[in-house]
Amino acid sequence: MMRLAIIGFGSVGRGVAAAIAEKSLDLEVTAVADSRSAVTDPDGLDLLAVLDAKEKTGKVGSEGVGAMDVIRDGRFDVLVEVTPTNALTGEPALGYIEAALAASKYVVTSNKGPIALKYPALAALARQHGVELRYEATVCGAIPIINALKTGLAGNRIERLYGILNGTCNYILTRMADEGLSYQQALLEARELGYAEADPTYDVKGIDPAIKLVILANTVFDMNVSLDDVSITGIDAITTDALALADEQDCTIRLIGEIIPSKRIMRVSPRLLSKDHQLVVHNTLNAVTVETDLAGDITMIGRGAGSMETASAIIGDLLFIRDHHVKRT
Ligand SMILES: NC(=O)c1ccc[n+]([C@@H]2O[C@H](COP(=O)([O-])OP(=O)(O)OC[C@H]3O[C@@H](n4cnc5c(N)ncnc54)[C@H](OP(=O)(O)O)[C@@H]3O)[C@@H](O)[C@H]2O)c1
């Protein structure tokens, strides 16, 4: 049985716990921490009870025990790091991930901050301690794009990768085009439905998809770049008139993130696409096309966010570690 510590028990952490409680995956959670409390049991926690406690009290367990205590002292094989993203410092996740790797624990994260800022150093730390850091959930939610690129398409040269990497922007553009809503009206609706953050800057200015490009560039294409290397235009200046004009030509507008590895091109910008283009997906969906030399073009479409959708990517990484590294009887 592979043992996990889950740090962060919000939408994603609870999704992971609920999926593990429901399925027989040979995974046991021995510790859970949120921002104010923690609960541990070396013999395995009752996850339904922890989910219930979180719902009723807002905490998973006792105050006075913190996430770092769990990482330092807990009995677990893999840290599941699912705290909020900070794209400027990577903290607190960066410190948690470094501490776990230094203690020879595997790490699975959905947190873009540490991966975009420090992947090469974290991967080196993992290697030094004989463990692995996996991060499928950081890009395109449920779509297994990183594993597809690193494993399934491993022998291919990737000529270009482009697609819709932000569901919030896609929702706003879809609603503006379909219902004639203004940008502000569509943004308000996205907020009311919980798709957009109270501060939607990262999404609508195109920073979130740019961070995902940096993750792909550095971890799959070895490009050694930062956010400053991405040319970024968001969707906040798109007008209903622009979408109506596009519609007259049987086109629409989508926010496209693109990497051309051989030219070191990375850009995020609104593009005019024919309505029957494979990337014209609706509402909060993500879609990504990979142009390769051997396999031709491959397009994957799916949910880019959500509790269970993100949990799906995390569990895929966990089962990889279970089967390749930690197998216990
Ligand atoms: N939601 C998605 O669909 C999605 C998709 C892909 C990636 N992600 C990424 O996954 C991560 C988690 O997202 P989420 O939606 O689950 O966020 P969330 O609902 O805001 O939950 C964050 C959790 O982290 C806890 N936390 C905050 N500061 C902490 C600290 N210093 N130490 C320990 N725990 C702390 C919070 O504690 P409290 O409960 O006490 O507040 C909360 O339980 C983020 O990095 C996000 O960008 C999310």
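In what follows, the accompanying structure is described. Each chain has its residues counted from 1, following the order in which its sequence is written. Owing to the predicted nature of the model, reporting of local features is limited to residues with pLDDT of at least 70; listing and counting of side-chain atom pairs is limited to 80 or more, with chain, interface and lining totals taken over all residues. The basis for every side-chain value is the complete set of heavy atoms in the structure, and neither hydrogens nor water enter the calculation.

1. Side note on the site of the ligand
- Here a residue counts as near a molecule or strand whenever at least one of its heavy atoms sits within 4 Å of it. In the vicinity of the ligand there are 23 residues, among which Ser35, Lys54, Tyr96, Ser110 and Gly306 approach most closely.
- Counted as a polar contact is a pair of N or O atoms within 3.5 Å, where, for protein atoms, one must be capable of donating a hydrogen and the other of accepting one, and residues adjacent in sequence contribute only when both atoms are in side chains. Between an oxygen atom of the ligand and a main-chain N or O atom of Ser11, the distance comes to 3.0 Å.
- Interatomic distance of 2.7 Å between a side-chain N/O atom of Tyr96 and a nitrogen atom of the ligand.
- Notes on the ligand: free accessible area 900 Å², of which the protein chains cover 73%.
- Note that Gly is not counted as nonpolar here; it falls among the polar residues with everything else outside the nonpolar set of Ala, Val, Leu, Ile, Met, Phe, Trp, Tyr, Cys and Pro and the charged set of Asp, Glu, Lys and Arg. For the shell around the ligand, the per-class residue count stands at 10 nonpolar, 10 polar and 3 charged. All accessible areas in this document rest on Shrake-Rupley with a 1.4 Å probe, and a residue is counted as covered only by the protein chains that are shown.

2. A word on the packing of aromatic side chains
- Two aromatic rings, drawn from Phe, Tyr or Trp (for Trp, its six-membered ring), form a pair once their centres lie within 6.5 Å of each other, and the interplanar angle then sorts them: stacked below 30 degrees, edge-to-face above 60, tilted otherwise. This structure, assessed with the given rule, holds 2 aromatic pairs.
- Centre to centre, the rings of Tyr119 and Tyr135 are 5.2 Å apart; their planes meet at 65°, and the pair counts as edge-to-face. One end of the pair, Tyr119, is in helix α5 (residues 112-128); the other, Tyr135, is in the loop between β7 (133-134) and α6 (145-152), with 16 residues separating them in the sequence. Side by side, Tyr119 and Tyr135 carry an identical accessibility label, which is buried.
- Both rings, one in Tyr171 and one in Tyr195, keep their centres 5.0 Å apart while their planes meet at 65°; by these two values the pair is edge-to-face. A residue pair is termed long-range when its members are at least 10 positions apart, and Tyr171 in helix α7 (residues 167-179) and Tyr195 in the loop between α8 (183-192) and α9 (201-204) qualify at 24 residues.
- A 1.4 Å probe rolled over the protein chains alone gives each residue an accessible area, and that area as a share of the maximum for its type sets the label: buried under 20%, exposed over 50%, partly exposed in between. Tyr195 gets classed as partly exposed once you look at its relative accessible area, which sits at 37%. Secondary structure elements follow DSSP: runs of H or I of four or more residues count as helices, runs of E of two or more count as strands, with numbering from the N terminus.

3. Let's talk about the nonpolar core
- Throughout this description, the term nonpolar core refers to a set of buried Ala, Val, Leu, Ile, Met, Phe, Trp, Tyr and Cys residues connected via side-chain atoms within 4.5 Å. Among the nonpolar cores identified, the biggest contains 107 residues, and Ile145, Leu149 and Leu318 are the most heavily contacted of them.
- Residue contributions to this core peak at 8 residues, all from helix α12 (residues 307-326).
- Residues in contact with Leu149, not counting those within four places in the same chain, are Ala154, Ile158, Leu161, Leu216, Val220, Phe221 and Val290.
- With 8 residues, the next largest nonpolar core counts Ile256, Leu273, Val280 and Ala287 among its residues. Whether two residues touch is decided by their heavy atoms; if any such pair falls within 4.5 Å, the residues are in contact.

4. Let's talk about helix α10 (residues 207-219)
- Helix span is expected to be 1.5 Å times the residue number reduced by one. With 13 residues, α10 ought to run about 18 Å at 1.5 Å a step, and its terminal C-alpha atoms sit 18 Å apart, in line with that.
- The buried count for α10 comes to 12 of 13 residues, which makes it a mostly enclosed element.
- Of all the positions in α10, only Asp208, Pro209, Ala210, Ile211, Lys212, Leu213, Val214, Ile215, Leu216, Ala217, Asn218 and Thr219 are classed as buried.

5. Notes on the pairing of strand β13 (residues 297-303)
- Here a strand pair is declared whenever DSSP counts at least two bridges between the two strands. Bridge count between strand β12 (residues 285-292) and β13: 7 bridges; the pairing is antiparallel. Bridge pairing in β13 places Asn286 opposite Gly302.
- From the end of β12 to the start of β13, which pair antiparallel, there are 4 residues, and Gly296 there has a positive phi angle of about 75°.

6. Looking at the side chain of Lys112
- Of note, Lys112 is situated in helix α5.
- Residues within four places of Lys112 in sequence aside, it is in contact with Thr85, Thr138, Asp208, Ile211, Lys212 and Ile215.

7. Overview of the environment of Ile20
- Checked against the element boundaries, Ile20 lands in helix α1 (residues 11-22).
- Taking the relative accessible area as the measure of exposure, Ile20 reaches 6% and is therefore buried.
- When the C-alpha positions of Ile20 and Leu47 are compared, they lie 8.2 Å apart, and in sequence the two are 27 residues distant.
- Excluding its chain neighbours within four sequence positions, the residues that come into contact with Ile20 are Leu4, Leu25, Leu27, Val29, Leu47 and Ile315.

8. Concerning the sheet that holds strand β11 (residues 265-274)
- Strands sit in the order β9-β11-β10-β8-β12-β13 across an open sheet of 6 strands; the sheet is mixed. Only two strands of the sheet have a single neighbouring strand rather than two, namely β9 (231-232) and β13.
- Only the stretch in contact is used when fitting a helix axis, every axis being a line fitted to C-alpha atoms; angles between N-to-C directions are given from 0 to 180 degrees. Along the sheet, α10 makes contact with β8 (158-164), β9, β10 (251-260) and β11, crossing β11 at roughly 125°.
- Relative to the sheet, helix α11 (residues 240-248) contacts β10 and β11, its axis offset from that of β10 by approximately 95°.

9. So, α7
- With 13 residues, α7 extends 18 Å between its outermost C-alpha atoms, agreeing within 8% with the 18 Å of an ideal straight helix rising 1.5 Å per residue.
- Three or more residues of α7 are buried, namely Gly167, Thr168, Cys169, Asn170, Tyr171, Ile172, Leu173, Thr174 and Met176.
- The inward-facing, buried residues of α7 abut β8, α8, α9, α11, β10 and β12.
- One side-chain oxygen at the N-terminal end of α7 lies 3.1 Å from the backbone nitrogen of Thr168; it belongs to Asn166.
- Gly180 lies just past α7 and shows a positive phi near 70°.

Remember that the coordinates give geometry; whether it matters functionally is a separate question.
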